[in-house]
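# Architecture at a glance
Residue-level listing of the chains:
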Amino acid sequence: MIIKPDASSRNLIGEIIRRIEQSGFVIRAMRLETLSPDRAKAFYAVHKERPFYESLCRFMSSGPIVPMVLEKENAVDNLRTLIGATNPKEAACGTLRYDLAVDVEKNSVHASDSPENARKEIAFFFEGIDLD
Ligand code: UDP
Ligand code: MG
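Heads up: these notes are all about the structure in this document. Owing to the predicted nature of the structure, the values given are computational and were not obtained by experimental measurement.

### Overview of the packing of aromatic side chains
- Tallied over the full model, the rule gives four aromatic pairs.
- Note on Phe43 and Phe124: the rings are 5.4 Å apart at their centroids and 65 degrees apart in plane angle, and the pair reads as edge-to-face. Of the two residues, Phe43 sits in helix 3 (residues 37-43) while Phe124 sits in helix 7 (residues 115-125), which places them 81 residues apart along the sequence.
- With relative accessibility at 24%, the residue Phe124 sits in the partly exposed group.
- Seen in terms of ring centroids, Phe124 and Phe125 are 4.9 Å apart; in terms of plane orientation they differ by 70 degrees. Their pairing is edge-to-face.
- Judged by its relative accessible area of 6%, Phe125 is buried.
- Among the aromatic residues, ring-to-ring pairing joins Phe43, Tyr44, Phe124 and Phe125 into one connected group.

### Things to note about the side chain of Ser61
- Tracing the sequence through the fold places Ser61 in the loop between helix 4 (53-60) and strand 3 (66-71).
- Classification of Ser61 by relative accessible area gives buried; the value is 16%.
- At 3.3 Å, the side chain of Ser61 and the backbone oxygen of Arg58 are in polar contact.

### Focus on the pattern of salt bridges
- On inspection of all chains with the given rule, the structure shows eight salt bridges.
- The salt bridge involving Arg10 is made with Asp6; its shortest N-O contact spans 2.6 Å.
- Judged by relative accessible area, which is 5%, Asp6 ranks as buried.
- The salt bridge involving Arg19 is made with Asp99; its shortest N-O contact spans 3.0 Å. Here Arg19 is found in helix 2 (residues 13-22), whereas its partner Asp99 is found in helix 6 (residues 96-100), with 80 residues between them in sequence.

### Notes on the sheet that holds strand 1 (residues 2-3)
- Spatially, the four strands line up as an open sheet ordered 2-3-1-4, and their pairing is antiparallel. What marks the edges here is a single partner per strand, and that holds for strand 2 (26-30) and strand 4 (109-110).
- Relative to strand 3, strand 2 runs antiparallel, the two being bridged by four bridges. Bridge pairing in strand 3 places Met30 opposite Met68.

### Brief notes about the pairing of strand 3
- Counting buried positions along strand 3 gives five out of six residues, so the element sits mostly inside the fold.
- Of the strand pairs in this sheet, strand 1 and strand 3 are connected by two bridges, and their pairing is antiparallel. When the bridges of strand 3 are listed, Ile3 appears paired with Val66.

What counts and what doesn't
- Residues numbered from 1 in each chain as written.
- Chains lettered and ligands numbered in written order.
- Predicted model: local features only at pLDDT ≥ 70, side-chain atom pairs only at ≥ 80, totals over all residues.
- Heavy atoms only, no water.
- Phe/Tyr/Trp six-rings, centres within 6.5 Å; stacked < 30°, edge-to-face > 60°.
- Helix = DSSP H or I, 4+ residues; strand = E, 2+ residues; numbered from the N terminus.
- Buried < 20%, exposed > 50% of the residue type's maximum accessible area, 1.4 Å probe, protein only.
- Polar contact = N/O pair within 3.5 Å; in protein donor to acceptor, adjacent residues only side chain to side chain.
- Salt bridge = Lys/Arg side-chain N within 4 Å of Asp/Glu carboxyl O.
- Pairing = 2+ DSSP bridges.

Structure, rendered in structure tokens:
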């Protein structure tokens, strides 16, 4: 998971971590980092043909983010449920994005969408980490 710049700039890092821990996730690694524009582009390379890509990469490099490694049974599905739909207007009541997100771009958090991508994204932010 990543806490995005719109959340860090509104002092919501603690609130998001509180919700994550309360939902039973264990934080295995965490860091504060500001992405360079090139690093943001690399992270979101899968979206490079999408119309929102340039703006998304500018936003993601606009301030501090908090990448973290979370552990839980069925973590990917559980976390996607906890954060809600990409667009906060479509997110279920009580989800993190429903409660905290600004709009479809500034939606406060990123969560991996599969175990395979989670593995890649963990390697992107925590090179050489051993999670066994
Ligand atoms: N995004 C955007 N406009 C859109 C769709 C997505 O700005 O119409 C941004 C948003 O920040 C989103 C990110 O691009 O979180 C990645 O999009 P994806 O479809 O992977 O959504 P997610 O997996 O984050 O829910
Ligand atoms: Mg995604």
